[in-house]
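Here are the chains, one letter per residue:
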Amino acid sequence: MEGRRNIVIVGGGIMGCTSAYYLTRHPKFNPALHTITILEAASSLASGASGKAGGLLALWAYPAALVPLSYRLHAELAAEHDGPRRWGYRKLGCGSIEAVVSKDRIREMQQAQEAGKTWEKLPKQDEAAKSLLASSSLPADVDWVDRDAVQGWAEMGAPGATETAQVHPYHFTTSIGKLAEEAGVVIKTRSKVTKISTSKTGPELVEYVDRDSDEVKTITDVTDVLVAAGPWTGKVLPRAKVEGLRAHSVVFEAEVTPYAIFTDIELPPDFIPRHRAEAGQKRRHRGRVDPEIYARPFGEVYACGEPDSAVPLPDTADDVEFEEAQCDDIISYIATISPVLGAASIKAKQACYLPRHMRFGQESGPLVGPTTIPGLWVASGHTCWGIQNGPATGKLMSEFIFDGAASSASVDKLDPRKFKV
Ligand SMILES: Cc1cc2nc3c(=O)[nH]c(=O)nc-3n(C[C@H](O)[C@H](O)[C@H](O)COP(=O)(O)OP(=O)(O)OC[C@H]3O[C@@H](n4cnc5c(N)ncnc54)[C@H](O)[C@@H]3O)c2cc1C
């Protein structure tokens, strides 16, 4: 393990960037001896979920093997690299509200037709996290939510914002990628990996398409390949069985107090989003929706909506399409409980794919560590908590690659070899 290392990282999302960063901070890293290359298929780093996520960090997130280490590493990275300024690291309050929207509100919104679909929840709160919800009244400084509509507020985690923080995921991922680059990592964007050749003893070469010239290029004498291709991991390494699930989100331009709010909104039966009413649609909505709303640094509020399987994962993150109507639905649901956000300008409407490690039709935990082929590694499938768990994953991957084993946390449960990857 002490010789020259030629490490190729497939994917420039948060997992690829944090892995590259911690590899360059590892005591055994020698820039004169070792080469680290990130190959990113899209036109820039963080083009997928890592740039379009909410950015919530929480000590009550999952899986337990990664969360405490990663929450601590986020704080350390922010302290070392001016994270509050560079990527908006800050503590914030977090809770969930139950709201019932009145008919007057509907009248104000001039919406009187019918809509029809259920609102699925992204599985951010597991059962253990839900048990941490403590009933209390809506904090006085949550002045951007219509108090008349709120029937209940439950704070998440310990009071005083000690267990919840946030980053702006795009700025975090690209800054960490830049720090890695400054330490010697080579980043090639628009470089889509099409083949990883391996023998029983390890990787041999990585083939990729330069999307600018359409030329097929190869990196030879590779010692290590880390597949961190998010929802595309199953395309690069099919036996990993990591696939994608699309989710839409919107970004409002608004300066509001720092809270992340999980909602459960009961809409009146005759509610129909304005944009649908204007289009003459008569979809009856089943009544309850639960978008998540995160106040964000840099004068933004982020909100995400339901996942959908309508459009399969496209070739690259550059080709991901969003459906305007799905974003407009999120905006109109939020407007029913927040006049402030109802009046705010929209900075972005977007979609991205959540990386899910699927086994027997079920979502399993992320894959972090070695595969059955020495030198071929995986860090993928982090579902809803990849931003929270990115730093721990990167740190552990640097230990796996340079030391042969992880020492900062025990992650046997996430070992890809358990799944014959
Ligand atoms: C709506 C939404 C909200 C979220 N909110 C939060 C949150 O608040 N907090 C939180 O912790 N997590 C959140 N997440 C989850 C988080 O965004 C993901 O878990 C995380 O970004 C995954 O990072 P990744 O690096 O594995 O994947 P990605 O960000 O998808 O990065 C993978 C990269 O690999 C590249 N790639 C793919 N194939 C190839 C190839 N063949 N060759 C080269 N490059 C390739 C892609 O272009 C992409 O840039 C959210 C996710 C969604 C969808």
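Residues numbered from 1 in each chain as written. Predicted model: local features only at pLDDT ≥ 70, side-chain atom pairs only at ≥ 80, totals over all residues. Heavy atoms only, no water.

- Named according to an unreviewed UniProt entry, the protein is FAD dependent oxidoreductase originating from Stachybotrys elegans.

A few points about the side chain of H357
Next up, step 1: Residue position: H357 is located in strand β19 (residues 345-359).
Next up, step 2: A distance of 2.8 Å separates the side chain of H357 from the side chain of R359, its partner in a polar contact.
Next up, step 3: Polar contacts involving the side chain of H357 include one to the main-chain carbonyl oxygen of G365, which spans 2.8 Å.
Next up, step 4: Contacts of H357, omitting those with residues within four sequence positions, involve A240, K241, V242, Q362, E363, S364, G365, L367, G381 and F419. (Helix = DSSP H or I, 4+ residues; strand = E, 2+ residues; numbered from the N terminus. Polar contact = N/O pair within 3.5 Å; in protein donor to acceptor, adjacent residues only side chain to side chain. Contact = heavy atoms within 4.5 Å.)

Some details on the domain arrangement of the protein
Next up, step 1: The domains assigned to the protein are domain 1 (6-87 + 168-242 + 360-419) and domain 2 (90-165 + 244-357).
Next up, step 2: Each of domain 1 and domain 2 has a C-alpha centre, and these two points are 30 Å apart.
Next up, step 3: Facing 45 residues of domain 1, the contacting portion of domain 2 comprises 39 residues.
Next up, step 4: Taking both sides of the interface into account, the surface hidden between domain 1 and domain 2 amounts to around 3400 Å²; carbon and sulfur atoms contribute 63%.
Next up, step 5: On the domain 1 side of the contact with domain 2, K52, W60 and W232 bury the most area, a combined 23% of that side's loss.
Next up, step 6: In this structure, the connection of domain 1 to domain 2 is made through four salt bridges.
Next up, step 7: The salt bridge partner of K192 is D315, with a shortest N-O separation of 3.9 Å.
Next up, step 8: Elements supplying a minimum of two residues to the side of domain 1 that touches domain 2: α2 (49-52), β3 (56-58), α4 (83-87), α7 (169-182) and β20 (362-364).
Next up, step 9: Element by element, the count of residues in the side of domain 1 that touches domain 2 is highest for α4, at four residues.
Next up, step 10: Residue composition of the side of domain 1 that touches domain 2, grouped by class: 22 nonpolar, 14 polar and nine charged. (Domains from an automatic or database assignment. Buried area = accessible area lost by both parts, 1.4 Å probe. Salt bridge = Lys/Arg side-chain N within 4 Å of Asp/Glu carboxyl O. Nonpolar A, V, L, I, M, F, W, Y, C, P; charged D, E, K, R; others polar.)

Some words on the UniProt feature "transmembrane region" (unreviewed entry) in the protein
Next up, step 1: The UniProt entry lists residues 7-24 under the feature "transmembrane region" (unreviewed entry), expressed in the numbering used here.
Next up, step 2: Between the end C-alpha atoms of residues 7-24 the distance is 11 Å, and the span holds 61% helix and 22% strand. (UniProt positions renumbered as here; feature names shortened; annotations may be inferred.)

As for the sheet that holds strand β21 (residues 367-370)
Next up, step 1: The sheet built from six strands is open, its strands ordered β9-β2-β1-β13-β22-β21 with mixed pairing. Of all the strands in the sheet, the pair left with one neighbour each is β9 (186-188) and β21. Neighbouring strand axes in the sheet, compared pairwise and without regard to direction, differ in orientation by 15 degrees on average.
Next up, step 2: As judged from the four bridges shared by strand β1 (residues 6-10) and strand β13 (residues 224-227), these two strands associate in the parallel manner. Its bridge partner lying in β13, I9 is registered against L226. (Pairing = 2+ DSSP bridges. Axes fitted to C-alpha atoms, helices over the stretch in contact; angles between N-to-C directions.)

Quick notes on the pattern of salt bridges
As a working rule, side chains carrying opposite charge can pair if their charged atoms are close by.
Next up, step 1: With the rule as written, the count across this model stands at 20 salt bridges.
Next up, step 2: The salt bridge partner of D403 is K28, with a shortest N-O separation of 3.0 Å. A residue pair is termed long-range when its members are at least 10 positions apart, and D403 in helix α12 (residues 386-403) and K28 in the loop between α1 (14-25) and β2 (35-39) qualify at 375 residues.
Next up, step 3: Between E182 and K178 there is a salt bridge, with the nearest N and O atoms lying 3.5 Å from each other. A residue pair is termed a helical-turn pair when its members lie 3 or 4 positions apart in one helix, as E182 and K178 do in helix α7 at four residues.
Next up, step 4: Take E182: its relative accessible area is 57%, and that puts it in the exposed class. (Buried < 20%, exposed > 50% of the residue type's maximum accessible area, 1.4 Å probe, protein only.)

Examining the pairing of strand β18 (residues 300-308)
Next up, step 1: Most of β18 is tucked away: nine of the nine residues are buried.
Next up, step 2: Taken together, the five bridges between strand β17 (residues 292-296) and β18 define a ladder with antiparallel strand orientation. Residue pairing in the sheet places E292 in a bridge with C304 of β18.
Next up, step 3: The loop that links β17 with its antiparallel partner β18 comprises three residues; one of these, F298, has a positive phi angle of about 65 degrees.

With respect to the site of the ligand
Next up, step 1: Around the ligand sit 41 residues in total, of which E40, S50, T383, C384 and Q388 are the nearest.
Next up, step 2: The contact in question runs from an oxygen atom of the ligand to an N or O atom on the backbone of G386, over 3.1 Å.
Next up, step 3: Expressed as a share of its isolated accessible area of 1000 Å², the protein-covered part of the ligand is 99%.
Next up, step 4: Grouping the amino acids of the shell around the ligand by side-chain chemistry returns 26 nonpolar, twelve polar and three charged.
Next up, step 5: Of the domains in this structure, domain 1 (6-87 + 168-242 + 360-419) and domain 2 (90-165 + 244-357) are the two that each give at least three residues to the shell around the ligand. (Near = heavy atom within 4 Å. Areas by Shrake-Rupley, 256 points an atom, 1.4 Å probe, with all protein chains shown as cover.)

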